[in-house]
Amino acid sequence: MKAVLVLNAGSSSLKFALYALDRTLAPAPAVCGQVDGIGASPEVTLDTAAGERIREAVATAGGQGEQHRAALEHVFGLLVRHNPALDIAAAGHRIVHGGDHFSAPTRLDEAVLRTLDTFVPLAPLHQPHNLRAVRAVAALMPDVPQVGCFDTAFHRTQPALAQAFALPRRLSAEGIKRYGFHGLSYDYVARQLPAVIGERAQGAVVIAHLGNGASMCALRDGKSVASTMGFTALEGLMMGTRSGSLDPGVMLYLMEQKGMDTKALTKLLYKESGLLGVSGISQDMRTLLASAAPEAEEAVDLFCYRIARELGSLAAAAGGLDALVFTGGIGEHAAPVREKVAAWSAWLGIAIDPAANTTPAGHARRLDTAGSRVAVAVVPTDEERMIARYTAETLGL
């Protein structure tokens with residue numbers, strides 16, 4: 001089987017998917033899965049197209065780099081074992097930050113990787129692990145071409161005003177600007193919209209990618225014009241454990257009055273805030289929705305309030321609102337979140353049908369009532385499919 005291997009490497013996990021290549025790219029992966037627990041007790045889970053699930057422990061030793069490579073070796077062995085004639089034609093990687101340099105999928109070599117290394121300070125929780133996987137594949141399969149697919153690339157169509165901070169020009173010239181993230185998800189969803197909402201897909205659209213990481217994007221003619229995330233993946237909506245937008249004065253206060261340094265602030269803003277921080281219970285929306293604790297309700301309400309507030313801002317950036325689209329784990333599955341956001345946004349002409357809203361997830365569908373001025377839809381995202389497509393197109397496979 002000739003195939004494209006898709007990899008999405010995190011600090012303690014490695015997601016993978018294998019898309020068969022014949023004359024075209026298969027619409028669904030032949031196998032997919034992930035390795036969890038890298039750095040502790042790694043375990044790989046593999047799901048086949050036939051519905052079989054395989055779990056195996058991964059033997060690792062050494063530092064995190066060595067463990068990532070060991071995890072990849074185990075994955076390759078597992079894939080070949082279940083596909084003896086496997087021919088990996090290319091590997092495609094999710095890379096969070098491409099800066100201004102990379103506005104399209106790019107074939108990766110050491111020179112490109114050195115440039116991408118310079119963006120590590122802009123995405124410290126993601127970029128190092130993304131690049132570690134690329135180098136591991138290069139060491140294990142040196143003849144396999146690799147393509148980087150960037151979460152920031154989709155937003156390079158934003159006008160200069162939408163990317164600017166009100167900082168001295170010398171800092172802006174150094175690259176301190178709004179980049180935006182979750183671009184692979186937005187690109188995939190945007191391509192599905194004409195079949196779901198018709199001509200409105202070319203109008204003023206806001207997509208809400210809601211998951212453990214959450215952001216929103218305003219589109220016009222299918223292109224990004226504004227987003228809630230900016231210089232880093234910390235700005236904008238509150239998230240599972242991330243604070244989202246915060247008055248910079250709060251950080252100055254914490255440094256001056258609480259003696260917090262960069263390491264402590266990073267832990268606070270990235271790991272201890274968001275749904276987890278507000279609720280004191282969990283970062284998982286499912287847990288919070290099932291809880292009767294008032295702190296859980298407050299966390300959910302704040303999450304939805306911030307979405308509704310950002311929706312008004314993004315509608316202004318898009319010049320109106322023809323459609324609101326939910327995607328991501330929370331966006332696709334949490335009907336109460338969609339209901340609250342719609343209720344707070346009724347002034348925009350949004351009205352959703354309760355029955356449609358509570359229909360089980362799994363496929364793209366409309367939620368708006370006949371009287372709603374705004375189309376409302378749920379569209380499942382598929383970042384891995386987008387990476388596979390980009391990789392095949394970039395290499396002419």
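Structure first, text after, so check above.
Computed from a predicted structure; not experimentally measured. (Residues numbered from 1 in each chain as written. Predicted model: local features only at pLDDT ≥ 70, side-chain atom pairs only at ≥ 80, totals over all residues. Heavy atoms only, no water.)

Re the overall build of the protein
Stated precisely, the cut-off is as follows: In DSSP terms, a helix is any run of H or I states spanning at least four residues, a strand is any run of E spanning at least two, and both are numbered starting from the N terminus. We compute the radius of gyration over the C-alpha atoms and compare it with the globule rule, which gives 2.2 Å times the number of residues raised to the power 0.38. For this analysis, residues touch if any pair of their heavy atoms sits within 4.5 Å. Think of it this way: Lys and Arg go in the positive column, Asp and Glu in the negative one, and His and the chain ends go nowhere. Lys charges are placed at NZ, Arg charges at CZ, Asp charges at CG and Glu charges at CD.
Across its full length, the protein carries 15 helices and 14 strands. In terms of C-alpha radius of gyration, the protein reaches 21 Å, essentially the compact-globule figure of 21 Å for 397 residues. Judged by the C-alpha coordinates and their principal axes, the protein covers about 55 × 55 × 45 Å. Here the analysis covers contacts within the protein between residues at least 6 apart in sequence; of these, 62% occur between residues at least 24 apart. Of the side-chain charges in the protein, 36 are positive and 39 negative, and the distance between the mean point of each set is 3 Å.

Looking at the pairing of strand β10 (residues 214-220)
Formally: We call a residue buried when its accessible area falls under 20% of the maximum for its residue type, exposed when it is over 50%, and partly exposed in between, using a 1.4 Å probe and counting protein chains only. Two strands are counted as paired when DSSP detects at least two bridges linking them.
By the criterion of burial, β10 is predominantly enclosed, with six of the seven residues buried. Connecting strand β9 (residues 204-210) to the next strand, β10, in antiparallel fashion are three residues. Where β10 and strand β11 (residues 223-227) come together, four bridges link them in antiparallel fashion. When the sheet's bridge partners are listed, R220 is paired in β11 with K223. Where β10 folds back on β11, the antiparallel hairpin that results is connected by two residues, among which D221 adopts a positive phi of roughly 55°.

Let's talk about the sheet that holds strand β12 (residues 323-327)
The strand order β11-β10-β9-β12-β14-β13 describes an open sheet built from six strands, whose pairing is mixed. The outermost strands of the open sheet, each flanked by one partner alone, are β11 and β13 (365-366). Alignment of β9 against β10, held across seven bridges, turns out to be antiparallel. When the sheet's bridge partners are listed, L210 is paired in β10 with A214.

Quick notes on the pairing of strand β2 (residues 13-20)
Where a strand is regular, its side chains alternate between the two sheet faces. Of all eight residues making up β2, six are buried, and the element is well covered by its neighbours. Pairing between strand β1 (residues 2-9) and β2: seven bridges, direction antiparallel. Residue pairing for β2: L5 is matched across the bridge by L18. Hairpin remark: β1 followed by β2, antiparallel, with three residues in the connecting loop. Pairing of β2 with strand β3 (residues 31-36), which is carried by six bridges, proceeds in the antiparallel orientation. In the sheet register, S13 faces β3, and the bridge partner there is D36.

Some points on the packing of helix α2 (residues 110-117) against helix α3 (residues 127-140)
Heads up, the rule is: Orientation is described by axes fitted as lines to C-alpha atoms, over the contacting stretch for helices, and by angles from 0 to 180 degrees between their N-to-C directions. When an angle is under 35 degrees it counts as roughly parallel; over 145 it counts as roughly antiparallel; between 65 and 115 it counts as roughly perpendicular; any other value is oblique. Handedness of a crossing follows from how the near helix is turned relative to the far one, being left-handed for an anticlockwise turn of less than a right angle and right-handed for a clockwise one. The nonpolar class holds Ala, Val, Leu, Ile, Met, Phe, Trp, Tyr, Cys and Pro. Asp, Glu, Lys and Arg form the charged class, and all remaining residues, Gly among them, are polar.
Interhelical geometry of α2 versus α3 gives an angle of 165° and a closest axis separation of 10 Å. By the angle between their axes, α2 is roughly antiparallel relative to α3. In the crossing of α2 with α3, the sense of the turn from one axis to the other is left-handed. Facing α2, whose interface residues are E110, L113, R114, L116 and D117, α3 presents Q127, L131, V134 and R135. In the contact of α2 with α3, the residues fall into four nonpolar, one polar and four charged.

Nothing here speaks to function; it is geometry throughout.
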